[in-house]
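A structural walkthrough
The lines below spell out each chain.
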Amino acid sequence: MPRIIRYLTVLYGETKIIDNRFSKFLKFYLSQASLAAVSMLLVLILVDSMADAALAAGLGATVAIIFIHPSSPTAQYRSLIGGHFIGIALGALFSGLIFSSPISVYFTSIPWLSDICLGLSAGLMILIMAVTNTEHPPAVGILLGVALQPWQWTTFVALLMAVLILSAIRWIFRHSLRDLI
């Protein structure tokens, strides 16, 4: 046996690829994966273009958190709704700065300036989520997806609907969801 595998086995015990609980909780694994697929389908119907890939990725990560680890602090309603709200709000603010403000001409002429702005927006969002106890990491993807394109009310409505749908699905199935990890 190679030295690294022996070392990892000593550190972490026997290496397993499939969770021991899989066969015991097969019903939960299959039902929650099915709910996740339906939820993501509903989200993708609202966020329907590849231009919105960051938005779809952020919402997809939210779906994963809700259906893999529903008791996680990041899957709670305060974090789920609050984190996305902060991401949408900051995304709108930075979108306006980059695309519609009097200094927006500088963002088109100096490409790395928007990268600095987006990096600062992510840091600011992390700070606000930590201070308000609304930590939801996928919402940073929402922030970037909103900030990377000119602001549109349709994007806001679609994101709001997606977050409300995911929250409603989580609430409806709250008694049957189990942590899969």
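So, here's what we can say about the structure. (Residues numbered from 1 in each chain as written. Predicted model: local features only at pLDDT ≥ 70, side-chain atom pairs only at ≥ 80, totals over all residues. Heavy atoms only, no water.)

**Brief notes about the overall build of the protein**
Put simply, the rule is: In this description a helix means any DSSP run of H or I spanning at least four residues, a strand means any run of E spanning at least two, and both kinds are numbered starting from the N terminus. Under the scheme applied here, a residue whose accessible area is under 20% of the maximum for its type counts as buried, over 50% as exposed, and between as partly exposed, the area being computed with a 1.4 Å probe on protein chains only. Contacts are residue-level and defined by heavy atoms, with any inter-residue pair within 4.5 Å sufficient. Surface accessibility in these figures is a Shrake-Rupley result with a 1.4 Å probe; residues are shielded only by whichever protein chains are displayed.
Helices and strands together make up the secondary structure of the protein, namely 8 helices and 0 strands. Along the protein, helices (α) and strands (β) appear in the sequence α-α-α-α-α-α-α-α when read from the amino end. A burial count over the protein gives 38% of its 181 residues as buried. Intrachain contacts of the protein at a sequence separation of at least 6 include 73% that bridge at least 24 residues. For the protein, the exposed area adds up to about 10,700 Å²; of that, 74% sits on carbon and sulfur atoms.

**Side note on a nonpolar patch on the surface**
Going by this rule: Think of a patch as exposed residues, more than 30% relative accessible area, with no salt bridge, where like charges cluster within 9 Å and nonpolar side chains (Val, Leu, Ile, Met, Phe, Trp, Tyr) cluster within 5 Å. The rule for a salt bridge is simple: a side-chain nitrogen of Lys or Arg has to be within 4 Å of a carboxyl oxygen of Asp or Glu.
Taken together, the side chains of I17, I18, F22, L26 and L30 make up a nonpolar region of the molecular surface, amounting to roughly 530 Å² of accessible area. Following the sequence through the fold, L26 ends up in helix α2 (residues 26–46).

**A word on the environment of V140**
Within the element layout of this structure, V140 appears in helix α7 (residues 138–147). Between the C-alpha atoms of V140 and G58, which are 82 residues apart in sequence, the distance is 7.3 Å. With residues up to four places along the chain from it excluded, the contact list for V140 reads A122, M125, I126 and M129.

**A word on the side chain of S114**
Its location among the elements puts S114 in helix α6 (residues 111–132). Residue S114 is classed as buried on the basis of its relative accessible area, which comes to 17%. Beyond its immediate stretch of four places on either side in the chain, S114 contacts I98 and F107.

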